[in-house]
Amino acid sequence: MQILVLHGPNLSLLGRREPGIYGSCTLPEIDRQLQALGRELGCDVTCRQSDVEGELVGWIGQAPGIFAGIVINPAAYTHTSVALRDAVAAAGIPVVEVHLSNTHAREAFRHQSYTAAVCLGQIQGFGPQSYLLGLRALHGFLSSTER
Ligand code: CA2
């Protein structure tokens with residue numbers, strides 16, 4: 001089983017700026033933890049990051065037939081992108097949305113997610129653990145629906 005993990009804009013700065021909000025863990029460290037969990041669960045994890053909305057849309061569109069599901073942190077595009085929402089809705093494979101921070105405990109403009117309603121589920125507020133919980137949830141869902 002192959003799982004795609006997508007990180008949205010500015011997440012490459014993790015661990016290097018604003019540690020008070022996002023913690024000290026870097027993106028390569030999160031990717032290593034995801035790949036280690038993937039080995040434990042018996043699935044192959046591919047991680048990609050982009051600051052470019054269209055690139056994320058393209059990766060989501062190309063995923064069906066290659067990846068069984070997607071874990072995505074759309075970052076700021078969560079709150080702005082109809083294009084990402086449409087791409088997730090059209091993909092037809094399960095997508096789990098994750099966030100490091102609890103967006104509901106932050107500014108009002110972060111309370112709305114364009115993507116959450118077309119995702120299988122959403123996990124947020126647990127720092128890097130949100131990604132690991134998201135991967136476990138997606139893997140569990142896919143394993144239970146496997147024929
Ligand atoms: O909590 C999350 O995971 C977010 O998706 C992070 C986004 C934010 O816009 C969302 O509202 C919630 C921001 C990602 C940018 O990450 C940075 C990391 C370090 C320094 C600056 C930005």
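About the criteria used
- Residues numbered from 1 in each chain as written.
- Predicted model: local features only at pLDDT ≥ 70, side-chain atom pairs only at ≥ 80, totals over all residues.
- Heavy atoms only, no water.
- Helix = DSSP H or I, 4+ residues; strand = E, 2+ residues; numbered from the N terminus.
- Rg over C-alpha atoms; globule rule 2.2 N^0.38 Å.
- Buried < 20%, exposed > 50% of the residue type's maximum accessible area, 1.4 Å probe, protein only.
- Contact = heavy atoms within 4.5 Å.
- Areas by Shrake-Rupley, 256 points an atom, 1.4 Å probe, with all protein chains shown as cover.
- Lys, Arg positive; Asp, Glu negative; His and termini not counted.
- Charge placed at Lys NZ, Arg CZ, Asp CG, Glu CD.
- Core = buried A, V, L, I, M, F, W, Y, C linked by side-chain atoms within 4.5 Å.
- Salt bridge = Lys/Arg side-chain N within 4 Å of Asp/Glu carboxyl O.
- Pairing = 2+ DSSP bridges.
- Expected span 1.5 Å × (residues − 1).
- Near = heavy atom within 4 Å.
- Polar contact = N/O pair within 3.5 Å; in protein donor to acceptor, adjacent residues only side chain to side chain.
- Nonpolar A, V, L, I, M, F, W, Y, C, P; charged D, E, K, R; others polar.

Draft legend 1. Region of interest: the overall build of the protein chain. For the protein chain, the count of helices and strands is five helices and five strands. Here the C-alpha atoms of the protein chain give a radius of gyration of 14 Å, agreeing with the 15 Å that 2.2 N^0.38 yields for 147 residues. Along the first, second and third principal axes, the C-alpha atoms of the protein chain reach 45 × 30 × 25 Å. The burial tally for the protein chain puts 44% of its 147 residues in the buried class. Long-range contacts, defined as pairs at least 24 residues apart, comprise 76% of the intrachain contacts of the protein chain with a sequence gap of at least 6. With the model as given, the accessible surface of the protein chain reaches about 7100 Å², and the carbon-plus-sulfur share is 51%. Taking the 10 positively charged and 12 negatively charged side chains of the protein chain as two groups, their mean positions are separated by 3 Å.

Draft legend 2. Spatial organisation of the nonpolar core. The biggest cluster of nonpolar side chains holds 22 residues, and the ones touching the most others in it are Ile3, Leu11, Ile30, Leu34, Val71, Tyr131 and Leu135. Among the elements of the structure, strand 1 (2–7), helix 2 (27–41), strand 4 (95–99) and helix 5 (129–145) are those that each provide at least two residues to this core. In terms of residue count, the dominant contributor to this core is helix 5 (five residues). Leaving out residues up to four positions away in the same chain, leucine 11 has contacts with Leu27, Gln49, Asn73, Ala75, Leu100 and Tyr131. By size, the runner-up hydrophobic cluster in this structure holds 17 residues, among which are Leu6, Ile60, Ile70 and Cys119.

Draft legend 3. Quick peek at the pattern of salt bridges. All told, the structure shown has three salt bridges when counted by the stated rule. With a shortest N-O distance of 3.9 Å, arginine 106 and glutamate 107 are connected by a salt bridge. With a relative accessible area of 21%, arginine 106 lands in the partly exposed category. Since its relative accessible area comes to 36%, glutamate 107 is described here as partly exposed.

Draft legend 4. Representation of the pairing of strand 1. Across the six residues that make up strand 1, a large majority, five, are buried. Pairing analysis gives six bridges linking strand 1 to strand 2 (residues 44–49), with the strands arranged parallel. Bridge pairing in strand 2 links histidine 7 to glutamine 49. Note: strand 1 against strand 3 (residues 69–73), five bridges, orientation parallel. The residue of strand 3 that forms the bridge with leucine 4 is isoleucine 70.

Draft legend 5. Local environment of helix 5. With 17 residues, helix 5 ought to run about 24 Å at 1.5 Å a step, and its terminal C-alpha atoms sit 24 Å apart, in line with that. Buried positions along helix 5 lie against strand 1, helix 2, strand 2, strand 3, strand 4 and strand 5 (121–124).

Draft legend 6. The site of the ligand, seen in detail. Near the ligand you find 17 residues, and of these Asn73, His79, His99, Leu100 and Ser101 are the closest. Residue asparagine 73 places a side-chain N or O atom 2.9 Å away from an oxygen atom belonging to the ligand. In the model, an oxygen atom of the ligand is placed 2.5 Å from a nitrogen or oxygen of the serine 101 side chain. When the ligand sits alone it has 510 Å² of accessible area, and the protein chains cover 94% of it. Among the residues forming the shell around the ligand, the class breakdown is eight nonpolar, six polar and three charged.

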